[in-house]
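Topology and contacts: notes
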Amino acid sequence: MLFIILIALAGFVAGRIAAVWAASSIDPSIQIGLRACTSCRQRFPIVRQLLTILRPMKCGGCQRTEGSWPIAVSLATAAAFGWLAWLLQHGCQTVTEVRPAMELWQNRLPYYLVFVFLLTTATVTDLLDYVIPDSIVAPGMLIALAFATLTGELQLIHVWVNWDYDFVMLYGPYLPEWMKQHQHLHGFVWSLCGLLTGAGLMWAARITAHLILGMPAIGFGDVTLMAMIGAFMGWQPTLCVLAVAPLVGLLLGLGGRVVTGRSFVAFGPYLCIAAYSVLCTWRMLWEGWQLKLIFSHWPTIAGMVAGSLITFWVLLVGLRIFRAVPSKWLR
Ligand SMILES: [Zn+2]
């Protein structure tokens, strides 16, 4: 329990760093209250931005107190860190096929805490300014690829598990020999396949959504964000993220955050929440819902991809119609 509390405290600090990093990554002309006073425009020193962690920023000049959204970011990150650590200890990612030499929390927890930190930063920049800067996701992709290759045992699931043979029932799932012998190569291939899956499908969704709606609806930042998510999670969980994200969008989007005048929909937060949800429920998805059977069968994978894309388009068209409704009708 003390361990979980320490992880949550680390999350509180990481949330603050994410907020300051996000604030410094977006358009300097946007007034957000963390970088500078929104009244007299006096800049706050970066050290003060990082250290004023428990109360809102206060301007030394005009005594104005700024908003408390960075504290909300810290609290949310603390909860996300603590919850993931607790769930990892209780086997939320423990599946039969993957048996790393170390306990999951020893290598996978630090890896996925870095991931959650990057997801938090991307969410904040997307909410503040509808952008996901490359300065956040590009290092993320490199970290994911590098650590997956170096340890060779971070995969949520191997790059391919074949359940089709009869002897699987007797001896467990079939793993290709090269995967067992070349652990680091497999780690690299695993991460790279996820990266390409995430980027490729989001790119396809972006192009087709543009064609369907006649205007850009998904930003390029969402494509790079999905590339990072893929690199951290592998291709099978990435497909799950893409399937879950429109549902998250429907649930939260109808709450009103997306009903703004901007032409872009802030998809990033939905993708990040979907990624976190899949991290927390991976064993349930893989073993409980028997996704392992789907992911050794190409036709079903193709069907799932098509289904996710169609859900995306329906969500986009729905949001467009919803936004086109004059606001007086909603009152
Ligand atoms: Zn001021």
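My aim in this report is to walk through the structure given alongside it, one point at a time. (Residues numbered from 1 in each chain as written. Predicted model: local features only at pLDDT ≥ 70, side-chain atom pairs only at ≥ 80, totals over all residues.)

1. Overview of the nonpolar core
Formed by 84 residues in total, the largest nonpolar core has its most connected members in V116, M228, V241, L271, A274, A275 and V278. For this core, the two domains that each supply at least three residues are domain 1 (1-90) and domain 2 (100-330). Contact partners of A275, with chain neighbours within four places excluded, come to L119, I229, M233 and V241. (Core = buried A, V, L, I, M, F, W, Y, C linked by C-beta atoms within 7 Å. Buried ≥ 20, exposed ≤ 12 C-beta atoms within 10 Å, placed from the backbone. Domains from an automatic or database assignment. Contact = placed C-beta atoms within 7 Å.)

2. Brief notes about helix 11 (residues 268-288)
In an α-helix there are 3.6 residues to a turn, and that puts residues three or four apart on one side. Its 21 residues give helix 11 an end-to-end C-alpha distance of 28 Å, which sits within 8% of 30 Å, the value for a rise of 1.5 Å per residue. Within helix 11, the axis deviates most sharply at T281, by approximately 75 degrees. Q290 sits one or two residues past helix 11 and shows a positive phi near 60 degrees. (Helix = DSSP H or I, 4+ residues; strand = E, 2+ residues; numbered from the N terminus. Expected span 1.5 Å × (residues − 1). Bend = angle between axes of the 7 residues up to and from the residue.)

3. Description of the packing of helix 4 (residues 104-129) against helix 11
Direction vectors running N to C along helix 4 and helix 11 enclose 160 degrees, while the axes themselves pass 8 Å from each other. Judged by the angle between their axes, helix 4 and helix 11 are roughly antiparallel. Viewed along their axes, helix 4 and helix 11 form a crossing whose handedness is left-handed. Each of Y112, V116, L119, A122, T123, D126 and L127 in helix 4 lies in contact with helix 11, whose residues at this interface are G268, P269, C272, A275, Y276 and L279. Its residues assigned to classes, the contact of helix 4 with helix 11 shows ten nonpolar, two polar and one charged. (Axes fitted to C-alpha atoms, helices over the stretch in contact; angles between N-to-C directions. Parallel < 35°, antiparallel > 145°, perpendicular 65-115°, else oblique. Left-handed = near helix turned anticlockwise from the far one by under 90°. Nonpolar A, V, L, I, M, F, W, Y, C, P; charged D, E, K, R; others polar.)

4. Here's the deal with the packing of helix 1 (residues 2-25) against helix 3 (residues 69-89)
Where helix 1 meets helix 3, the closest approach of the two axes is 7 Å, and the angle between their N-to-C directions is 140 degrees. Along this stretch, helix 1 crosses helix 3, giving a crossing that reads as right-handed. Contacts from I4, I7, A8, L9, A10, G11, F12, A14, G15, R16, A18 and A19 of helix 1 reach helix 3 at P70, V73, S74, A76, T77, A78, A80, F81, G82, A85 and W86. Considering only residue class, the contact of helix 1 with helix 3 consists of 17 nonpolar, five polar and one charged.

5. Side note on unusual backbone geometry
At R41, a residue that is not glycine, the phi angle is positive and equals roughly 65 degrees. With respect to the helices and strands, R41 occurs in the loop between helix 1 and helix 2 (46-51). At Y130, a residue that is not glycine, the phi angle is positive and equals roughly 55 degrees. Relative to the helices and strands, Y130 resides in the loop between helix 4 and helix 5 (134-151). On the neighbour-count criterion, Y130 (19 C-beta atoms within 10 Å) is partly exposed.

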